[in-house]
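Coordinate inspection notes
The residues making up each chain are set out below.
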Amino acid sequence: MPFLHMLPDMGMNYTFNRPLLDGTSPARLKELSAIAPRIKDYDSWYTVWLEVAKKAEAEKRYLDAASYYHGAEFYLPAGDVRNGLYDDFARNWALGMKDVAGYERIAIPYPGGHLPGFRIQAKGKERSTFAFTGGYDSFVEEFYNFLLPLTELGITVIAFDGPGQGGALRQGIYMDHAWEKPAKAAIDYFKLDAVDWLGASCGGYMSIRAAAFEPRIKHIISMPTSYSGLDMTLKQMRPGKAQELISRFRAGDRKGTEAVVAEERLPSSVFEWCIVQGMHITGTKTPFDFLTEIAKHSLDGILHNVQQDILLTEGEQDHLFDISWVHRTMRELVCARSVTTRIFTAREGAEQHCQLGNSAVARHAIVHWLASFYPGMPVGEGT
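Each chain has its residues counted from 1, following the order in which its sequence is written. Local features are withheld for residues below a pLDDT of 70 in this predicted model, meaning they are given only at 70 or higher, and side-chain atom pairs are given and counted only at 80 or more; totals for whole chains, interfaces and linings count all residues. Hydrogens and water are ignored here; the side-chain numbers use all heavy atoms of the structure.

**Considering the overall build of the chain**
Put simply, the rule is: Helix and strand definitions here come from DSSP, where helices need a minimum of 4 consecutive H or I residues and strands a minimum of 2 consecutive E residues; each element is numbered from the N-terminal end. Every radius of gyration here is taken over C-alpha atoms, with the globule rule written as 2.2 Å times N^0.38, N being the number of residues. Only protein chains enter the accessibility calculation, which uses a 1.4 Å probe; a residue is then buried when its area is under 20% of its type maximum, exposed when over 50%, and partly exposed in between.
The helix and strand tally for the chain stands at 16 helices and eight strands. Radius of gyration (C-alpha) of the chain: 20 Å, near the 21 Å computed for a compact globule of 383 residues. In terms of its C-alpha atoms, the chain occupies a principal-axis envelope of roughly 55 × 50 × 45 Å. Counting the 383 residues in the chain, one finds 59% classified as buried.

Structure representation (structure tokens):
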């Protein structure tokens, strides 16, 4: 489904499109179009998404309700209200997926609890096992329809929430820059000798970080490529303010850093969301402590450890990530077996972050790239 311009705010408009990510839910368009004029800020956003979520649940449209509960919780600060909305999401998702053939819920043992997700078995001959994790704000379930077609090609999919994400975060398992830890936990749990790995959004960093220290990951897809966790936050600041913030932060000036952050936290801005969401997923209480944690998310000095085949992607109009991160990453992948880069364009309808608007073209590019390592994979134009 094409990317829609329904709200004047870039950040909220992008999030508004997410229930249409997989392009298989045109019936949602009428329902969501009706609420768009009522959304003015984060408060009204919460009100209208909660309203449509409750309506969908009452009508037993459980998968719609799950998606809308995710929308309702999206801009809230950490706390009981947000946690309760995750529970509403999880309940409706479970009801919606009950008895769906081939869908298997999983729980990977992990310190502090487990990493929840799902497994979808390959149809016919299994050619590959494909692991997937999201990023800064996703619930893994929202990518189910994006991942499902891979099974028709002989790919078994294992998708899960890692630390700081979805159901893992609900247990108090906070974001960890060392993504090789959850990667190892998943690979060990399923007793895999080899796996392909796709990380979406900030998961683009995580997939590369995991592969740098986990040789059982054979092929890496970074969608899109993220080099530094700080960069997304800094990109949302007004001209000149990012330089001031990073200077004070690097100098250890807590008071000065907090002052710059407070000045930039304009109501219902993407920067405000970066800070609120960042504290939520890292379990921190102040912006300075959040920045300290997210600064650990960096590929600086580790890319020479990557010896696998890797696909780097980006959308040319990504409002969250900077396209230059792809070029820096390419330059530093000096030991990779092969490096392929794919920039998606507005002409394809895939120019947005994570190719929202035409995610099928991203899946098509990923499949064609993977097929070069798996002779006989039945790749067609409709994939």
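**Observations regarding unusual backbone geometry**
Here M223 and P224 are connected by a cis peptide whose omega angle stands at -5°. Considering the arrangement of structural elements, one finds P224 in the loop between β6 (217-223) and α10 (229-235). Of note in this structure, S201 is not a glycine but carries a positive phi near 60°. One can find S201 in the loop between β5 (195-200) and α9 (203-213). Overall, the relative accessible area of 11% leaves S201 in the buried class. The phi torsion at S268 lies on the positive side, around 60°, for a residue other than glycine. Along the chain, S268 falls in the loop between α12 (254-264) and α13 (270-282).

**Quick look at the packing of aromatic side chains**
This is how it is decided: Here a Phe, Tyr or Trp ring, Trp counted by its six-membered ring, pairs with any other such ring whose centre lies within 6.5 Å, and the pair is stacked when the planes are under 30 degrees apart, edge-to-face when over 60, and tilted otherwise.
The full count for this structure, using the stated rule, is 23 aromatic pairs. The interplanar angle of 45° and the centroid separation of 5.6 Å between the aromatic rings of Y86 and F89 together place this pair among those described as tilted. Of this pair, Y86 and F89 both sit in helix α5 (residues 80-97), three residues apart, which is roughly one turn of that helix. Across the pair, exposure class does not vary: Y86 and F89 are buried alike.

**Focus on the pairing of strand β1 (residues 103-110)**
Using the following cut-off: Two strands pair if DSSP finds at least two bridges between them.
Taken together, the eight bridges between β1 and strand β2 (residues 113-120) define a ladder with antiparallel strand orientation. What sits directly across from E104, in β2, is R119. In sequence, β1 turns back onto β2 through a hairpin of two residues, with G112 there showing a positive phi of about 95°.

**A look at helix α1 (residues 10-17)**
Spelled out, the test is: Here a residue-residue contact requires only that any non-hydrogen atoms of the pair lie within 4.5 Å. Polar contact is the term for a pair of N or O atoms within 3.5 Å; when the atoms are in protein, one must be able to donate a hydrogen and the other to accept it, and sequence-neighboring residues count only if both atoms are side-chain atoms.
Within α1, seven of the eight residues are buried, leaving the element largely enclosed by the surrounding structure. Residues of α1 that are buried: G11, M12, N13, Y14, T15, F16 and N17. Elements in contact with the buried residues of α1: α2 (27-35), α3 (42-58) and α13. Capping of α1 at its N-terminal end is provided by D9; its side-chain oxygen lies 3.1 Å from the backbone amide nitrogen of G11.

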